[in-house]
Amino acid sequence: MKKAVIFIMDGAGDRAIKELGHLTPLEAACTPNLDYMARNGINGLMYTVGPGIIPGSDTSHMSLFGYDPRKCYPGRGPLEALGEGVDLKPGDVAFRVNFATVDDSMRIIDRRAGRIESGTHELARLIDGIEIDGVKIIFKPSVQHRAVLVLRGEDLSDKVSDSDPHHEGVPVRKVVPLDNTPEAKRTAEILNKLMRIAYEKFNKAEINAKRREKGLLPANMILIRGAGMLRQIETIEKKYGIRGAIVSGVAIVRGVGRLLGMDAPKVKGATGDPRTNIDAKIDAVINLLRDHDIVLVNIKAPDVFGHDGNFIGKMKFIEKIDRHLRRLIDYAIENDIYMIVSSDHSTPCSKRDHSSDPVPLAAIGPDVRVDSVEKFGERFAALGGLGTITGMGLFGTILDWIDKAEKFGA
Ligand code: ZN
Ligand code: ZN
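None of the values given here were measured: they were computed from a predicted structure.

It is worth spelling out the overall build of the chain at this point. Looking only at helices and strands, the chain has 15 helices and 13 strands in total. Its C-alpha radius of gyration of 22 Å places the chain within 12% of the 22 Å reference for a compact globule of 410 residues. By its C-alpha atoms, the chain is 60 × 50 × 35 Å across when sized along the principal axes. A buried classification covers 57% of the 410 residues belonging to the chain. Considering only contacts within the chain whose residues lie at least 6 apart along the sequence, 72% involve residues at least 24 apart. Carbon together with sulfur atoms contributes 49% to the accessible area of the chain, which is approximately 17200 Å² in total.

Looking now at the coordination of the zinc ion (ligand 1). The zinc ion (ligand 1) binds to the protein through Asp10 (OD), Asp10 (OD), Ser57 (OG), Asp344 (OD) and His345 (NE2), with metal-donor distances spanning 1.9 to 2.7 Å. Binding-site remark: the zinc ion (ligand 1) is held by donors from one chain whose sequence spacing is D-x46-S-x286-D-H. Between the two metals, the zinc ion (ligand 1) and the zinc ion (ligand 2), the spacing is 4.8 Å.

A few words now on the nonpolar core. If you look at the biggest cluster of nonpolar residues, it comprises 47 residues, and the most contacted ones within it are Phe65, Ile294 and Ile340. Looking at which domains feed residues into this core, each of domain 1 (4-74 + 232-401) and domain 2 (81-228) gives three or more. Residues within four places of Ile340 in sequence aside, it is in contact with Ala4, Val5, Ile6, Phe7, Met37, Leu361, Ala362, Ala363, Leu394, Ile398 and Trp401. In terms of nonpolar packing, the next biggest core, distinct from the first, is built from 45 residues, Ile286, Val295, Ile299 and Ala362 among them.

Before going further, it helps to examine the sheet that holds strand 1 (residues 4-9). Either a parallel or an antiparallel arrangement is found when strands of a sheet pair, and the pairing is made through backbone hydrogen bonds. One open sheet accounts for seven strands, arranged 9-10-1-11-12-2-13; its pairing is mixed. Of all the strands in the sheet, the pair left with one neighbour each is strand 9 (244-248) and strand 13 (387-390). Strand-to-strand twist across the sheet, computed as the mean angle between neighbouring axes with direction ignored, equals 25°.

It is worth spelling out the coordination of the zinc ion (ligand 2) at this point. Angles between donor atoms at a metal ideally measure 109.5 degrees for a four-coordinate tetrahedral arrangement and either 90 or 180 degrees for a six-coordinate octahedral one. For the zinc ion (ligand 2), the full set of protein donor atoms is Asp303 (OD), Asp303 (OD), His307 (NE2) and His354 (NE2), and the range of their distances to it is 2.0 to 2.5 Å. The coordination sphere of the zinc ion (ligand 2) comprises four donor atoms, whose angles at the metal cover 56 to 142°; the geometry is irregular. Spacing between the donor residues of the zinc ion (ligand 2) along the chain follows D-x3-H-x46-H.

On inspection of all chains with the given rule, the structure shows seven aromatic pairs. An angle of 10° between the planes, with centres 5.7 Å apart, marks the rings of Tyr338 and Trp401 as stacked. Remark: Trp401 occurs in helix 15 (residues 391-401) and Tyr338 occurs in strand 11 (residues 338-342); sequence separation between them is 63 residues. Note that Lys239 overlies the ring of Tyr67, its terminal NZ or CZ placed 5.2 Å from the centroid. Geometry around Tyr36 places Arg326 over its ring, the cationic atom sitting 4.4 Å from the centre.

Turning our attention to the pattern of salt bridges. Tallying each qualifying case throughout the model produces 25 salt bridges. Its salt-bridge partner being Asp103, residue Arg107 comes within 3.2 Å of it at the nearest N-O pair. A salt bridge links Asp303 to Lys300; its shortest N-O distance comes to 2.8 Å. Residue classification places Asp303 among the buried residues on the basis of a relative accessible area of 2%. Because the salt bridges share partners, they merge into one network encompassing Asp68, Arg70 and Lys71.

Here we take up helix 8 (residues 206-213). A turn of α-helix holds 3.6 residues, and therefore any two residues three or four places apart point the same way. Along helix 8, the residues classified as buried are Ile207, Asn208 and Arg211. Along the axis of helix 8, the buried residues cluster in a sector spanning 95°; they form a single face. Exposed residues pointing more than 90 degrees away from the buried face of helix 8 are listed as Glu206 and Glu213. Contact partners of the buried residues in helix 8: helix 6 (120-127) and helix 7 (182-204). Two residues or fewer after helix 8 comes Gly215, characterised by a positive phi angle close to 80°.

This next bit is on helix 3 (residues 57-64). With eight of eight residues buried, helix 3 lies mostly within the body of the structure. Restricting attention to buried positions, one finds in helix 3 the residues Ser57, Asp58, Thr59, Ser60, His61, Met62, Ser63 and Leu64. Two residues or fewer after helix 3 comes Gly66, characterised by a positive phi angle close to 80°.

What counts and how
- Residues numbered from 1 in each chain as written.
- Chains lettered and ligands numbered in written order.
- Predicted model: local features only at pLDDT ≥ 70, side-chain atom pairs only at ≥ 80, totals over all residues.
- Heavy atoms only, no water.
- Helix = DSSP H or I, 4+ residues; strand = E, 2+ residues; numbered from the N terminus.
- Rg over C-alpha atoms; globule rule 2.2 N^0.38 Å.
- Buried < 20%, exposed > 50% of the residue type's maximum accessible area, 1.4 Å probe, protein only.
- Contact = heavy atoms within 4.5 Å.
- Areas by Shrake-Rupley, 256 points an atom, 1.4 Å probe, with all protein chains shown as cover.
- Donors = N, O, S within 2.8 Å, 3.2 Å for Na, K, Ca; no water.
- Core = buried A, V, L, I, M, F, W, Y, C linked by side-chain atoms within 4.5 Å.
- Domains from an automatic or database assignment.
- Pairing = 2+ DSSP bridges.
- Axes fitted to C-alpha atoms, helices over the stretch in contact; angles between N-to-C directions.
- Tetrahedral: all angles 85-135°; square planar, octahedral: opposite > 155°, others 65-115°.
- Phe/Tyr/Trp six-rings, centres within 6.5 Å; stacked < 30°, edge-to-face > 60°.
- Lys NZ or Arg CZ within 6 Å of the ring centre and 35° of its normal.
- Salt bridge = Lys/Arg side-chain N within 4 Å of Asp/Glu carboxyl O.
- Arc of directions from axis to C-beta.

Quick look at the structure:
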């Protein structure tokens, strides 16, 4: 049976950087293994969601598995909750949460509570499982300052605003209903009560006393955003007849996997940041390839460096990825497995956020055409044999390579 592995360097695409001699981090990096893929395979540029669309990591990964996010995107909250292993039920409303630091007047001092690394489980326990107006609060910490919140109960709505203003030095926003239904009004009220309860309980928590002693910012508030209610979606096995899996340290990316009925195990050492254990992830991929048709692995760190505007860090990390890539390339070649390397979107260091710029891709496999591209990178990929395609277009191409696609027409 033919199989494929998709290797995604999250946010690796970029724009030309003056300090790098007007090259992008991918072009400037020394990447013999990525270049091997480019030289021995087919290349192209990819708009993961579509031209002119700035993808999130979630919408881009949905596209990479052949699902149009414009039709079936459930919102970040449910994806994050699914990714953290919450068994979401129909009617649940899910949110993404930041632990944050506020002063007595609810003004935000730090949206990430000093990038808190430990103790969030202790804080989460203070509100996980409580009931407000007959609604159960499910609250699970994720990595660092992140957490997921699920409201489970009757008459709830996802048509509510965020409490996170996305800025510091301004007050926490009151959650307001976004339509005129009693459900939205009730949901907003519950969330406002929850924030008040969290503030009171967290301020008294021992871990925050310790943090204050050490001169660290206390995590004394939760900022809520990304409300969404889970909708039923056809599994990838039903829709395309394949078994898929995702290896990622990022909850929303694993959440995409679970949403589409794929396996998305939490891999030990996969942290979703530059400390991630790339070898452990490659081990997991090789393991999953035994009983899955397509396995995607996501390495988050390039995106983190992009958001920080750190082009040297981004370039160096791409070189680190490249050193680990050889083992997976050798495995793919030995086992006649198709291998695709690309990115889910660009995160230009100059913009410090995602952009609509297409990402380079290279693919090798038993009978994949070879073009004349010699190196991996944005400007080289533009000359590749695949031309410019979309994420769903790449997925269709992979399905064809592994003999899982059907002919359109007679
Ligand atoms: Zn991403
Ligand atoms: Zn990002």
